[in-house]
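Chain by chain, the residues run as shown.
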Amino acid sequence: MLPTLVVVPLSFSASDLLEFPPRAYSLRWYENFFGSATWMAGLRTSLILGTLTATLAVPLGLLACISTNRLGGRTALAIQGALLTPSIVPGILLAIGLFFVLAAQRLVGTLFGVLVGHVVLAIPVACIVLLPALARFDWNQVQAARSLGANWARAIGGIIVPQLQISLLSATLMAFLTSLDESVISIFVASGQNSTLPKLMFLSLRDQIDPTIAAISTLWTVIVLVAVLIVSLRQKS
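Criteria and thresholds
Residues numbered from 1 in each chain as written. Predicted model: local features only at pLDDT ≥ 70, side-chain atom pairs only at ≥ 80, totals over all residues. Heavy atoms only, no water. Helix = DSSP H or I, 4+ residues; strand = E, 2+ residues; numbered from the N terminus. Contact = heavy atoms within 4.5 Å. Axes fitted to C-alpha atoms, helices over the stretch in contact; angles between N-to-C directions. Parallel < 35°, antiparallel > 145°, perpendicular 65-115°, else oblique. Left-handed = near helix turned anticlockwise from the far one by under 90°. Nonpolar A, V, L, I, M, F, W, Y, C, P; charged D, E, K, R; others polar. Expected span 1.5 Å × (residues − 1). Bend = angle between axes of the 7 residues up to and from the residue. Core = buried A, V, L, I, M, F, W, Y, C linked by side-chain atoms within 4.5 Å. Buried < 20%, exposed > 50% of the residue type's maximum accessible area, 1.4 Å probe, protein only. UniProt positions renumbered as here; feature names shortened; annotations may be inferred. Patch = residues over 30% accessible without salt bridge, like charges linked within 9 Å, V, L, I, M, F, W, Y side chains within 5 Å. Areas by Shrake-Rupley, 256 points an atom, 1.4 Å probe, with all protein chains shown as cover. Salt bridge = Lys/Arg side-chain N within 4 Å of Asp/Glu carboxyl O.

Caption draft 1: Representation of the side chain of S167. You can see S167 is positioned in helix α10 (residues 165-181). Apart from residues no more than four positions distant in its own chain, S167 is found in contact with V129, L130 and A133.

See below:
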């Protein structure tokens, strides 16, 4: 963690270049970030995408994990392999493939197109968290509920979800952070007002060394730490 914390003092530097340790301190780069319409648009897009990605990826991952757990055998292994493939394939290959698929549907540059890419990456993350939790789950409770007339939707919502709430909360956090940190797919698919903050950061570093990046990285670290802290406190409660 120590190398990542170097950006914190860098973000308060008064210099026009990145220098460590700073010779003078200032809030100018935070003012530059919050005063920029481009940076604010990227932040808003990233937060919206992160929320939507977690909202879609976790329920889809949960249903997929339930189905593979109930199926068992080679069929379940094949489905699990397909679900986890996006986390194994190099990001650049996945981004190129998504670009051509989305381009054929005229979705490149749209918020929905970027969301599809982020959900594809977040579902394996959610599955990695949920599969072990479901493996330890007592399915006799669901069978009892089903024998008493409960349908699958009621069994999932009334029995499975309450008992897996910690795992679901962890999966939601991981899916959100996966979307928040994703840059490769965003570089290929996002454009214009739908550009994410990681993409804008990459483009800024490509063109020039702007200390605003250090300020954004510090804020990004704070957001992640707050999210992890909330989940940890939730688990303890």
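Caption draft 2: Inspection of the packing of helix α5 (residues 73-88) against helix α7 (residues 111-135) at higher detail. The geometry of α5 relative to α7 is characterised by a closest axis approach of 7 Å and an angle of 125 degrees between their N-to-C directions. If you check the angle between α5 and α7, you find them oblique. At the point where α5 passes α7, the crossing takes the left-handed sense. Side by side, α5 and α7 meet where Q80, L83, L84, P86 and S87 of the first sit next to V120, L121, I123, P124, C127, I128 and L131 of the second.

Caption draft 3: Local environment of the packing of helix α4 (residues 37-71) against α10. Across the interface, α4 lies against α10 with an axial gap of 8 Å and an inter-helix angle of 135 degrees. One element, α4, and the other, α10, form an angle in the oblique class. The chirality of how α4 crosses α10 is right-handed. Here α4 contributes S46, L47, L49, G50, T51, T53, A54, A57, V58 and L62 to the contact with α10, which in turn contributes L168, A171, T172, A175, F176, S179 and L180. A class-by-class count of the residues in the contact of α4 with α10 yields 11 nonpolar, 6 polar and no charged.

Caption draft 4: Inspection of α5 at higher detail. Its 16 residues give α5 an end-to-end C-alpha distance of 22 Å, which sits within 8% of 22 Å, the value for a rise of 1.5 Å per residue. The sharpest bend along α5 reaches about 30 degrees and sits at A82, with the proline P86 one to four residues further on.

Caption draft 5: Representation of the nonpolar core within the structure. Counting 53 residues, the largest nonpolar core has W39, L62, L134, I160 and L197 as the members making the most contacts within it. No other element matches α7, which puts 11 residues into this core. When sequence neighbours within four positions are dropped, the list of residues in contact with I160 reads I66, L134, F137, W139, V142 and A155.

Caption draft 6: Highlighting the UniProt feature "transmembrane region" (unreviewed entry) in the protein chain. Per the UniProt annotation, the sites labelled "transmembrane region" (unreviewed entry) are residues 41-65, 77-104, 110-134, 155-177 and 213-233. In the segment residues 41-65, helix accounts for 100% and strand for 0%; the C-alpha atoms at its two ends are 35 Å apart. Summarising residues 77-104: 93% helix, 0% strand, and an end-to-end C-alpha distance of 31 Å.

Caption draft 7: Structural detail: a nonpolar patch on the surface. A cluster of nonpolar side chains, contributed by I92, L93, I96 and F100, occupies part of the molecular surface with about 390 Å² of accessible area. Within the secondary structure, I96 is located in helix α6 (residues 91-104).

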